[in-house]
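# Summary of the model geometry
Single-letter residue listing:
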Amino acid sequence: MAKEIPYKIYLKEDEIPKQWYNVRADMKNKPAPLLNPGTGKPMTLEELSVVFCEELAKQELNVTDPWVDIPEEIQNFYKMYRPSPVVRAYCLEKALDTPAHIYYKFEGNNTSGSHKLNSAIAQAYYAKQQGLKGVTTETGAGQWGTALSMACSYFDLDCQVYMVKVSYEQKPFRREVMRTYGAKVTPSPSMETNVGRKINEEFPGTTGSLGCAISEAVEAATSQEGYRYVLGSVLSQVLLHQTIIGLETKAALDKYEVTPDIIIGCAGGGSNLGGLISPFAGEMVRGEKNYRIIAVEPASCPSLTRGSYVYDFCDTGKVCPLAKMYTLGSGYIPAPNHAGGLRYHGMSSIVSQLYDDGFIEATSVKQTDVFAAAQQFARVEGILPAPESSHAIKVAIDEALKCKETGEAKNIVFGLTGTGYFDMVAYQKYNDGVMDDYMPTDEEIAASLAQCPKV
Ligand SMILES: *Cc1c(COP(=O)(O)O)cnc(C)c1O
């Protein structure tokens, strides 16, 4: 007989994975390499190390080792807030009256309130090991900046955060959490960097974008001695660190002999989704198993479902290497009334390749539907979800309702990446009924894509 499944499945502390899983090693079609925008040639370790910490640059280029040891200091930090639980959503199942079994992996149980701490602590560790003074970064909604400022204060590193202006203004509390952890927070585009001044001139009054903030943070890193730039999403190194999510999920489900039928994750830059699905996608690319994997993105920033798979800049200022990815064009700025996070124009090259090879499906959802799902979930499961995570909730609910029609008891697993306590301006808009669902036209997307470099 199958074992009774508890509300929460926790691994024991000594069962937390001690290695990250690098799915690229098992992929037959590797993600395309990062290119130097000047020469059009693949970025070398030396070139990447000007911008990134050296060990992280090595991880970025590593497409051969399937397993990467997690240094002991990072393992110990993980023990402060991991393992995170896999929760059986019994109450949601009951509310939906579905035969489906719904599970979610909850990453909101730390002060930063999201999965981003998993990579922040790794990146701060490698920066410290290299003897750097500090790091610079961008943050959109603020979760990454918060996670990084926590990680930097743990290792006594200076932390400079360029925060997308609209979030800086809408989320003063996030900003103050970062400052409490000792970070310097600057609204982007700022007048402090060349690229910020240029963007402000070109787009007066702009509310900013992740792409702009990245350009500024890179310039700040390369113009100060002893600093490097770190990024909280999109890069393969980040996705590698986030595989702790998927490895824990798989180990927890294996204990109860639960095999997922459907795995769902929200997709901004693709790091939580990639981290959650990597061990499962690994089985798929090795031809061992099959799962339905669904990436969920906002209808207002639909890189997988409406973008093109081409080489593009990772940032608006065009200072970063070129990455081949599903993209809307590096100049794409989602409408300012888009409140739900996941604002990045491109997608992780690993997720992009898996999607292009048919291992992943993608769908996009409207933000009012996302907040309706968030509210429904909060009311029955207790957790107030981040808007980003709620994209996955929305599709998990839809899939569970389909099971109700067919009578199938599918196992649905989704990533609940974080909590939404700092997103109450967005919740307020939804509660007041003044949230709308702006979607870009085909012409807008085509115009933005036309700016992609010809490689
Ligand atoms: C940053 C963030 C995301 C999106 O980033 P990915 O790199 O796509 O994972 C999703 N959920 C939360 C809570 C986040 O903070």
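Conventions adopted
Residues numbered from 1 in each chain as written. Predicted model: local features only at pLDDT ≥ 70, side-chain atom pairs only at ≥ 80, totals over all residues. Heavy atoms only, no water. Near = heavy atom within 4 Å. Polar contact = N/O pair within 3.5 Å; in protein donor to acceptor, adjacent residues only side chain to side chain. Areas by Shrake-Rupley, 256 points an atom, 1.4 Å probe, with all protein chains shown as cover. Salt bridge = Lys/Arg side-chain N within 4 Å of Asp/Glu carboxyl O. Buried < 20%, exposed > 50% of the residue type's maximum accessible area, 1.4 Å probe, protein only. Helix = DSSP H or I, 4+ residues; strand = E, 2+ residues; numbered from the N terminus. Pairing = 2+ DSSP bridges. Contact = heavy atoms within 4.5 Å. Axes fitted to C-alpha atoms, helices over the stretch in contact; angles between N-to-C directions. Domains from an automatic or database assignment. Buried area = accessible area lost by both parts, 1.4 Å probe. Nonpolar A, V, L, I, M, F, W, Y, C, P; charged D, E, K, R; others polar.

Next up on the list: the site of the ligand. Around the ligand, the structure places 17 residues, and the nearest of them are Lys 116, Ser 233, Ser 271, Asn 272 and Thr 417. Between the ligand and the protein, one listed contact pairs an oxygen atom with a side-chain N or O atom of Ser 233 at 2.5 Å. Between the ligand and Ser 271, the relevant distance is 2.7 Å, taken from an oxygen atom to a side-chain nitrogen or oxygen of the residue. Protein chains shield 95% of the accessible area of the ligand, which is 380 Å² for the free molecule.

Our next topic: the pattern of salt bridges. Following the criterion strictly, the structure yields 21 salt bridges and no others. Where Arg 88 meets Glu 93, a salt bridge forms, and the shortest distance between an N and an O atom there is 2.6 Å. If you follow the salt bridges from partner to partner, you end up with Arg 82, Lys 105, Glu 107 and Glu 248 in one network.

Moving on, we come to the pairing of strand β13 (residues 322–327). The element β13 is extensively covered by neighbouring structure, given that five of its six residues are classed as buried. The pairing of strand β12 (residues 308–313) with β13 spans six bridges and is antiparallel. The partner of Val 310 across the bridge, within β13, is Met 325.

Here the focus is the sheet that holds strand β1 (residues 8–9). If you walk across this open sheet you meet the seven strands as β1-β4-β5-β15-β10-β11-β14, and the pairing is mixed. The open sheet has two edge strands, β1 and β14 (361–365), and neither has a second partner. Across five bridges, strand β10 (residues 262–266) lies against strand β11 (residues 292–298) in parallel orientation. Bridge assignment links Ile 263 to a residue of β11, and that residue is Ile 293. Contacting β1, β4 (86–88), β5 (101–106) and β15 (411–416), helix α11 (residues 236–255) runs over the sheet at an angle of about 140 degrees to β5.

Moving on, we come to the domain arrangement of the protein. For the protein, the domain assignment lists domain 1 (21–70 + 116–229) and domain 2 (82–113 + 236–449). Between the C-alpha centres of domain 1 and domain 2 there is a distance of 22 Å. Each partner contributes to the interface: domain 1 provides 54 residues, whereas domain 2 provides 48 residues. If you sort the residues of domain 1 by the area they bury against domain 2, Tyr 21, Asn 118 and Arg 174 come out on top, with a joint share of 15%. Taken together, domain 1 and domain 2 are joined by two salt bridges. On inspection of domain 1 and its partner domain 2, the count reaches 17 residue pairs in polar contact (both at pLDDT 80 or more). Taken together, the elements giving at least two residues each to the side of domain 1 that touches domain 2 come down to α2 (54–61), β3 (67–69), α5 (117–129), α6 (143–155), α7 (165–170), α8 (172–180) and α10 (210–222). Across the side of domain 1 that touches domain 2, the residue classes break down as 31 nonpolar, 15 polar and eight charged.

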